[in-house]
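Take a look at the letters that make up each chain.
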Amino acid sequence: MASVAPPAQAQDALTTPKPEAPRFKPLPAPSLNFYGSPGLVDMPSAEMLPDGQFATTYSWFGGQARYNLTFQATPWLSASFRYNGIQTNGAQIAGFSTYYDRGFDVRLRLLREGRYRPAVTLGLQDFAGTGIYAGEYIVATKNFDTPALSHRGGAKQAEADRRSGLGTPGVQRLHRQYFRHPAGVCCFGDTGGELAYDQWFRGEMAPFAGIEWLPNDRWGFKAEYSSDAYVLETGAPDVFERKSSFNFGAEYQARPGLRLGAYYLYGSEIGVTAQIQLNPKHPTQPMRVSAPVPVAPRSSWATEDSHWSRDWAQSTRAKTTLRDLMSAALQQDGLILEALTLPADGTEAELRYRNPRYRAQTLAIGRAARAMARLLPPSVETLKIVPMRGGLALSQVVIRRSDLEALEHHPDATEALWAVTGLQEAGPLAGEALVAQDLYPAFSTSISPYTAPSYFDPDLPFRLDVGVDLKASYAPAPGWRIAGTIRQRVWGNVKDGRASNSVLPHVRTDATEYAQFGTTLKNLYVTRQWQMGRDLYARSTASLFESMFGGVSGEVLWKPVSSRLALGVEGNYVVQRDYDQRLSFRDYKTFTGHASAYYQLDKGYHVQLDAGRYLAGDYGATFSLDREFANGWRVGGFFTLTDVSSEDFGEGSFDKGFRFSIPLDWLLGKPSRNTFGMTVRPTQRDGGQRVHVPDRLYGQIREAHRAQLTRQRARIWE
């Protein structure tokens, strides 16, 4: 159990000087090649994007369209997903006039660029799939300044510019690379998706080189010698003819984050690219929140330990008045009071509240603490703040009122306050607690648009359904909720997709059958969640979980407030719903369940391992790695290996994919707990699939535990 530090620690935090951090202009992000990775035209470079950068690009030349997504997962590791459309006139690739293919890349920096040393990167291109663009490379890149083209006045500045390679016009980027590209090596008779590690760095090496010149912060010019023979693609008549190994290009930075390029490739082709780069650390617009009410310090005489100053604590009427005042104050900040506990000694108070507005729980905690300091009698020194969600008390934050008063206007206020703030498990609601009136029963409705995409159909790579969702929710008591969604499709073509050819039970691949109906009952369920004991949380859910399955589900989670580790177990007995998604069911029934381990690493990385039985009756495990930024951005990937063979699984060999989630407050600049995101699987098959149960516990519980609150502590004074 955490405890509140003594006042001396707060004073130490105030008096200890901290050196001012140097401020530098951010370096521009490297430009991207036709594969969506840092590079020249068609060849890669050794540069890395800024940490956390998210890039999406489109490129086209010679009958080839490439859609790329790249994420800089760490300063030294990046990953890319690519979807390709290759025109063949039906002559070369499996009889398709346009062959669509998916691929993954990964890049690992081996050496960081130094004053004289180039950066060195190892890359695996299209390493898991049919291998249309498969290749491995080791790349070296050096940035240097060209004083003959620009001057910045003074030897010291010129030296700094030369060392950074950036900062003045006239920057050149020189690339020397060795790249292996076995074009045409693929596996149409195979299921793809497996790592061909026995072929990595085999065969002949093919050197290539290039140079990039940046005369200013808008324009860039590129030239390269390419080692890619494009044996497969040039075999298609009247599509692509390779006459030269040299490529040239010009790029223009149209606006921050958007770069456009035009190119002349291989002596015969015109190409274009559009590059969009975003970084979660740099929102599109600043966050705008209402200014908090300042803390009102108590006078010294009001805090004296006199008997008369605590007489209010014996009055039920006085406590009820305080509860009502507190409820009104929280409502102004978008928070909802659940209960206020005022013990008879009059020296402490516990506030329980809901936070439907702010994504950062520390911001809500800070607002709640200010309201308590402003409204409670002077004798109350210890403020206990308990965030609630779905009837669960997530944690208890303990702040001394005197620390709040003393630290508000100090430059180091955030670190000083956090150093003397306690965090512990929230116990059960006290018997003398004053519960807010008219909270239960609660009924709410909403209507919102929806999109339901379908990816990677060879006949039409992208399909989409759009419409509206009518949602309703009823909470009869704390921890209980009855909810449902009626979905009305307005337009869509997902129903025209290809039928399933899976040899496994069709637990996911009958999506086109479920898309035939315009008005559906997406879900309808009742759920209850409660705290079983110390660090133990439980959930039970019944009825229609999702569009394809209904049944009963139970979950237990162990998650201490200050622990990075959480352990859970979940069991579900499910029945497959009829295609019309009303109240009827099909014959398929199964039991599925998993044991799960969650661990929160430093810098926002989350690891999750789920092992158990999946919907198709297969046994195995899913490994997930996500990175969550302090502002709510989340990007990650996963893969599942089960006892289903590659042949039975079908195309893709095993389940895998990536996902991202963007908070709306990052986009809009105003408080919101909503997010926009998606999960993309290169191939949707039946192996390794879990049922989608609403309100799983871990995501709810961890948002107000130590690791998450510590990452968001800077917002406690907002």
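Residues numbered from 1 in each chain as written. Predicted model: local features only at pLDDT ≥ 70, side-chain atom pairs only at ≥ 80, totals over all residues. Heavy atoms only, no water.

What follows covers the packing of aromatic side chains. Scanning the entire structure with this criterion turns up 27 aromatic pairs. Plain terms: the ring middles of phenylalanine 81 and phenylalanine 658 are 5.1 Å apart, the flat faces sit at 50 degrees to each other, and that makes the pair tilted. Of this pair, phenylalanine 81 sits in strand E3 (residues 77-87) while phenylalanine 658 is found in strand E31 (residues 655-663), placing the two residues 577 residues apart along the sequence. Taking 5.5 Å as the distance between ring centres and 35 degrees as the angle between the ring planes, the aromatic pair formed by tyrosine 455 and phenylalanine 456 counts as tilted. (Phe/Tyr/Trp six-rings, centres within 6.5 Å; stacked < 30°, edge-to-face > 60°. Helix = DSSP H or I, 4+ residues; strand = E, 2+ residues; numbered from the N terminus.)

Assignment of secondary structure puts alanine 29 in the loop between helix H1 (7-15) and strand E1 (54-61). Residue class for alanine 29 comes out partly exposed when judged on its relative accessible area of 28%. Along the sequence, alanine 29 and leucine 49 sit 20 residues apart, while their C-alpha atoms lie 5.8 Å from each other. (Buried < 20%, exposed > 50% of the residue type's maximum accessible area, 1.4 Å probe, protein only.)

Examined against the element boundaries, aspartate 618 turns out to sit in the loop between strand E28 (605-613) and strand E29 (619-628). One buried charged residue, aspartate 618, forms no salt bridge at all, with the nearest opposite charge on arginine 613 at 7.3 Å. Looking at aspartate 618, its side chain comes within polar contact range of the main-chain nitrogen of glycine 688, at 2.8 Å. If we ignore the near neighbours within four places in the chain, the residues touching aspartate 618 are Gly612, Arg613, Thr642, Asp643, Val644, Gly687 and Gly688. (Lys, Arg positive; Asp, Glu negative; His and termini not counted. Salt bridge = Lys/Arg side-chain N within 4 Å of Asp/Glu carboxyl O. Polar contact = N/O pair within 3.5 Å; in protein donor to acceptor, adjacent residues only side chain to side chain. Contact = heavy atoms within 4.5 Å.)

Here we take up helix H4 (residues 316-332). An ideal rise of 1.5 Å per residue puts 24 Å on 17 residues; H4 measures up with 25 Å between its terminal C-alpha atoms. When H4 is considered as a whole, its buried residues turn out to be Lys319, Leu322, Arg323, Met326, Ala329 and Leu330. Within H4, the buried residues cover an arc of 130 degrees as seen down the axis, which keeps them to one side. Opposite the buried face of H4, at more than 90 degrees from it, the exposed residues are Arg317, Gln331 and Gln332. On its buried face, H4 is in contact with strand E13 (336-341), strand E14 (348-354), helix H5 (361-375) and strand E19 (434-435). (Expected span 1.5 Å × (residues − 1). Arc of directions from axis to C-beta.)

So, on to a nonpolar patch on the surface. Judged by side-chain polarity, Trp558, Leu565, Leu567, Tyr599, Leu601, Leu609, Phe623, Leu625, Phe639 and Leu641 come together as a nonpolar surface patch covering roughly 820 Å² of accessible area. Of all the elements in the fold, those that place two or more residues in the nonpolar patch are strand E26 (565-577), E29 and strand E30 (634-642). Examined against the element boundaries, leucine 601 turns out to sit in the loop between strand E27 (585-600) and E28. (Patch = residues over 30% accessible without salt bridge, like charges linked within 9 Å, V, L, I, M, F, W, Y side chains within 5 Å. Areas by Shrake-Rupley, 256 points an atom, 1.4 Å probe, with all protein chains shown as cover.)

All right, on to the pairing of strand E4 (residues 98-111) then. In terms of strand pairing, E3 meets E4 through 11 bridges, oriented antiparallel. Paired with serine 80 across the two strands is aspartate 105, which belongs to E4. (Pairing = 2+ DSSP bridges.)

Of note, the amide linkage connecting tyrosine 440 to proline 441 takes the cis form, showing an omega dihedral of -5 degrees. The topology assignment puts proline 441 in the loop between E19 and strand E20 (442-455). The phi dihedral of aspartate 535 is positive, around 65 degrees, even though this residue is not glycine. Backbone geometry at aspartate 695 places phi at a positive 65 degrees, although glycine is not the residue there. With respect to the helices, strands and loops of the structure, aspartate 695 is situated in the loop between strand E32 (675-680) and helix H11 (697-701).

Examined against the element boundaries, glutamine 529 turns out to sit in strand E23 (residues 519-533). Overall, glutamine 529 belongs to the buried group, its relative accessible area being 8%.

Another aspect to go through is the packing of H4 against H5. A packed helix pair is summarised by two numbers, namely the angle formed by the two axes and the spacing between the axes. Across the interface, H4 lies against H5 with an axial gap of 10 Å and an inter-helix angle of 140 degrees. Compared by their axis directions, H4 and H5 come out oblique. Between H4 and H5 the crossing geometry is right-handed. For the pair formed by H4 and H5, the contact residues are Leu322, Leu325, Met326, Ala329 and Leu330 on the first element and Ala368, Ala371, Met372, Arg374 and Leu375 on the second. Partitioned by chemical class, the residues of the contact of H4 with H5 number nine nonpolar, no polar and one charged. (Axes fitted to C-alpha atoms, helices over the stretch in contact; angles between N-to-C directions. Parallel < 35°, antiparallel > 145°, perpendicular 65-115°, else oblique. Left-handed = near helix turned anticlockwise from the far one by under 90°. Nonpolar A, V, L, I, M, F, W, Y, C, P; charged D, E, K, R; others polar.)

The subject of this paragraph is the nonpolar core. Residues Leu330, Leu376, Ile385 and Leu404 are the most contacted members of the largest nonpolar core, which totals 44 residues. Those elements that place two or more of their residues in this core are H4, E13, E14, H5, strand E15 (382-389), strand E17 (396-400), helix H6 (401-407) and helix H7 (413-419). The element that contributes the greatest number of residues to this core is H5, accounting for eight residues. Those residues in contact with isoleucine 385, other than ones at most four positions away along the chain, are Leu351, Tyr353, Ile365, Ala368, Ala369, Met372, Ser395, Gln396, Val397 and Ile399. Core analysis: the next-biggest nonpolar cluster, separate from the first, contains 16 residues, Ile132, Leu232, Tyr263 and Leu265 among them. (Core = buried A, V, L, I, M, F, W, Y, C linked by side-chain atoms within 4.5 Å.)

Turning to H5, a few remarks are in order. The terminal C-alpha atoms of H5, which comprises 15 residues, lie 21 Å apart, in line with the 21 Å expected from a rise of 1.5 Å per residue. In terms of residue burial, H5 counts as a mostly covered element, since 13 of its 15 residues are buried.

Here 14 bridges tie E20 to strand E21 (residues 462-475), and the two strands are oriented antiparallel to one another. Looking across to E21, one finds that phenylalanine 443 is bridged to tyrosine 474. Remark: six residues form the turn of the hairpin made by E20 and E21, two consecutive strands paired antiparallel; phenylalanine 456 in that turn has positive phi of roughly 70 degrees. Connecting E21 to the antiparallel partner strand E22 (residues 480-492) that follows it, the hairpin turn spans four residues, and glycine 479 within it adopts a positive phi of roughly 90 degrees.

All chains considered together, the criterion is met by 39 salt bridges. Here lysine 142 ties to glutamate 113 by a salt bridge, and the two come within 3.0 Å at their closest N and O atoms. Of this pair, lysine 142 sits in strand E6 (residues 135-144) while glutamate 113 sits in the loop between E4 and strand E5 (119-125), and the two are 29 residues apart along the sequence. The exposure class of lysine 142 is buried, given its relative accessible area of 17%. For glutamate 570, the salt bridge goes to arginine 696, with nearest N and O atoms at 2.8 Å. Residue glutamate 570 is found in strand E26, and its partner arginine 696 is found in the loop between E32 and H11; the two are separated by 126 residues along the sequence. Residue glutamate 570 is classed as buried on the basis of its relative accessible area of 8%. Via salt bridges that share partners, Arg539, Glu555, Glu570, Asp610, Arg690 and Arg696 belong to a single interconnected network.

Glancing now at the environment of arginine 115. Examined against the element boundaries, arginine 115 turns out to sit in the loop between E4 and E5. By relative accessible area, which is 40% here, arginine 115 ends up partly exposed.

This part takes up the confidence of the model for the protein chain. The pLDDT averaged across the protein chain works out to 85; a share of 86% of its residues lies at or above 70. In the predicted structure, residues 1-25 sits below a pLDDT of 50 and forms 28 contacts with residues beyond four places in sequence or in another chain. (pLDDT = per-residue confidence, 0-100.)

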